[in-house]
Amino acid sequence: MKVALVLGSGGARGYAHIGAIQVLRERGHQITAISGSSIGALIGGLEATSKLDEYTEWVLGLSQKDVLLMMDPQIGAAGAVRMERVFTKMRELYAGALIEELPIPYTAIATDLVSGREVWFQSGPLETAVRASISIPGVITPIVESGRLLVDGGVVNPVPMEPVMAADADFTLAVSLSGFDPLELGASPVRSTSFFGSLLSKLRKDDGPAEPPYQEPPSDLSIASITSRSIETMSAVITRYRMASHHPDILVTVPHTAAKSLDFHKAAELIALGRDLTEAALGAVA
């Protein structure tokens, strides 16, 4: 059958996209359209250029030390890491490909921080589209293109359904990496009722200055971790509301417990997880 494929944002969990594509191939399905945000744009671009298998072989050989060396950390810049070694590898694989010349209709999503608008890349250099789409705010350095300051597409559209809605396909399959099922994510607020009571109780018991009625975060919690987790939470909520109007025929949701956003050394287990989740999702509608 013909499949319109939507690949979501979510850092290293995006390796699960590879497993999903492998399952679709093995079942004989034809991918007729691809849209992606962030890591979804990267993996989708590799599939559209028939370079996904080469990329998969490369990431399967990366150790945690290899990944740390490729991060290129920097201080006082627009992003915590440059990742130039990774982008050099992408440049090699994409080989100057233009989106409008790809055999599969393709859309990469980015966010323009100047206008606050969503940007769809459906023509021009694939490398530029992917580089813009994967620029996680505060983590990966953004780029400037045509006067626009571009960052991760997941900021505004984590699972970009809209570009494939008119595709020539028998069904749409979306892979969400937000960590939560966007259709089950609770909308009701959780109210804190114990704060003032605990504080007053402590003030009454102590003669001296009261201790803060809260705990400090762990000392090993990094800015990058806080930033990426905040974006993941925001993405899950955005996805929930956007999917209310544009829902895929089949949704694969990768749990947030599968990996942290920067766990790029866990390719083998995340590809396997993507395969299992996709098999289960397809089997549920067979």
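Above: the structure in question.
Residues numbered from 1 in each chain as written. Predicted model: local features only at pLDDT ≥ 70, side-chain atom pairs only at ≥ 80, totals over all residues. Heavy atoms only, no water.

## As for unusual backbone geometry
In this structure, S50 is a non-glycine residue whose phi angle is positive, near 60°. With respect to the helices, strands and loops of the structure, S50 is situated in the loop between helix 2 (39–48) and helix 3 (52–60). (Helix = DSSP H or I, 4+ residues; strand = E, 2+ residues; numbered from the N terminus.)

## Some remarks on the pattern of salt bridges
On inspection of all chains with the given rule, the structure shows twelve salt bridges. A salt bridge links E26 to R275, with the shortest nitrogen-to-oxygen separation between them at 2.8 Å. Here R275 lies in helix 9 (residues 267–285) and E26 lies in helix 1 (residues 15–26), a separation of 249 residues in the sequence. Residue class for E26 comes out exposed when judged on its relative accessible area of 53%. Through salt bridges that share partners, R25, E47 and D53 make up one connected network. (Salt bridge = Lys/Arg side-chain N within 4 Å of Asp/Glu carboxyl O. Buried < 20%, exposed > 50% of the residue type's maximum accessible area, 1.4 Å probe, protein only.)

## Brief notes about the packing of helix 3 against helix 9
Direction vectors running N to C along helix 3 and helix 9 enclose 130°, while the axes themselves pass 9 Å from each other. By the angle between their axes, helix 3 is oblique relative to helix 9. Each of T56, V59 and L60 in helix 3 lies in contact with helix 9, whose residues at this interface are A267, A268 and I271. Residues belonging to the contact of helix 3 with helix 9 are distributed by class as follows: five nonpolar, one polar and no charged. (Axes fitted to C-alpha atoms, helices over the stretch in contact; angles between N-to-C directions. Parallel < 35°, antiparallel > 145°, perpendicular 65-115°, else oblique. Contact = heavy atoms within 4.5 Å. Nonpolar A, V, L, I, M, F, W, Y, C, P; charged D, E, K, R; others polar.)

## Re the nonpolar core
Grouped together as the largest cluster of nonpolar side chains are 67 residues, with contacts concentrated most on Y15, L42, I43, Y55, Y106, F121 and L173. Among the elements that make up this core, the one with the highest residue count is helix 1 (seven residues). For Y15, the residues in contact, after removing those within four places along its chain, are Y55, V59, D263, F264, K266, A267, L270 and I271. One finds A33, M161, V164 and M243 within the second-largest nonpolar core, a separate group that totals eight residues. (Core = buried A, V, L, I, M, F, W, Y, C linked by side-chain atoms within 4.5 Å.)

## Let's talk about helix 2
Here helix 2 lies mainly inside the structure; ten of its ten residues are buried. Of all the residues in helix 2, the buried ones are I39, G40, A41, L42, I43, G44, G45, L46, E47 and A48. One or two residues past the end of helix 2 sits S50, with phi positive at roughly 60°.

## A closer look at the packing of helix 3 against helix 5 (residues 84–94)
Packing of helix 3 against helix 5 leaves a shortest axis separation of 10 Å and a crossing angle of 155°. What the angle tells us is that helix 3 and helix 5 run roughly antiparallel. Like other packed secondary-structure pairs, helix 3 and helix 5 cross with a definite hand, here right-handed. For the pair helix 3 and helix 5, the contacting residues are E54, Y55 and W58 in the first and K89, M90, E92 and L93 in the second. When the residues that make up the contact of helix 3 with helix 5 are grouped by side-chain class, the tally is four nonpolar, no polar and three charged. (Left-handed = near helix turned anticlockwise from the far one by under 90°.)

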